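Overview (structure and organization)
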Amino acid sequence: MRSLREHPAAAATRMAANVRYGRIERSLSLLTSAGALITAAEIYLEHDRAGFGNRMMWWPVALGPLGAAAGIAGFRSERAAHTVLPVVSAAVVANGLQGTWLHVRGIAQKPGGWSMARFNIETGPPLFAPLLVTMVGGMGLLASVLRRER
């Protein structure tokens, strides 16, 4: 870890070089952790509002803390970044894609289905929300293949 007294311009130059050469594993792991927690909290509130009508609604809520823990582990340990983080992130991506399919199906099952797409997309399950989960998992997968910062 660099000294806290490092000149801001030198720190910015070092960070830019790390990004340029793909050395952002630790930073992206930490962002994955934060994204997983924030997304899980939002999903919990939205699925609670829907009464958790389908048991599968619990999966993204449960995977959020796992993604956060894997992101922190990837931040702290290079070995965890290459073992634990990609496995958990792949599960998060798979769940996000599954959620997208379930939300598309939920919109289709509303009265009028896709023929009343504008109304049903606005009042039904949020169409693009599960893709946010997929993006958080994708960040973890990307972090696991990048190099660590210097």
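Now for a description of the structure that goes with this document. These figures come from a predicted structure and were not determined experimentally.

Considering unusual backbone geometry
Positioned with a positive phi, Phe 52 is a non-glycine residue whose angle comes to about 45°. Mapped onto the elements of the fold, Phe 52 is located in the loop between α2 (25-49) and α3 (58-76). On the accessibility criterion, Phe 52 (13% relative accessible area) is buried.

Let's talk about the layout of surface pockets
Estimated volume of the largest pocket: approximately 760 Å³. Along the wall of the largest pocket there are 32 residues; nearest its centre are His 47, Met 57, His 103, Pro 125 and Pro 126. At the level of elements, α2, α4 (78-109), α5 (117-123) and α6 (129-145) are the ones that each hand at least two residues to the lining of the largest pocket. No other element matches α4, which puts 9 residues into the lining of the largest pocket. The class makeup of the residues in the lining of the largest pocket is 13 nonpolar, 14 polar and 5 charged.

Let's talk about the environment of Gly 64
Tracing the chain through its elements places Gly 64 in helix α3. Relative accessible area serves as the criterion here: at 6%, Gly 64 is assigned to the buried category. Here the alpha-carbon distance between Gly 64 and Leu 142, two residues 78 residues apart in the chain, equals 17 Å.

Overview of the pattern of salt bridges
A full pass over the atoms with the stated rule returns 3 salt bridges. Of the charged contacts in the structure, one is a salt bridge between Glu 46 and Arg 49, with a shortest N-O distance of 3.7 Å. Separated by 3 residues within a single helix, Glu 46 and Arg 49 lie in helix α2, roughly one turn from each other.

Criteria and cut-off values
Residues numbered from 1 in each chain as written. Predicted model: local features only at pLDDT ≥ 70, side-chain atom pairs only at ≥ 80, totals over all residues. Heavy atoms only, no water. Helix = DSSP H or I, 4+ residues; strand = E, 2+ residues; numbered from the N terminus. Buried < 20%, exposed > 50% of the residue type's maximum accessible area, 1.4 Å probe, protein only. 1 Å grid on protein atoms, 1.4 Å probe; cavity = no way out; pocket = protein on both sides within 12 Å on 5 of 7 lines; lining within 4 Å. Points joined across faces, edges and corners; volume = space filled by probe spheres on them. Nonpolar A, V, L, I, M, F, W, Y, C, P; charged D, E, K, R; others polar. Salt bridge = Lys/Arg side-chain N within 4 Å of Asp/Glu carboxyl O.

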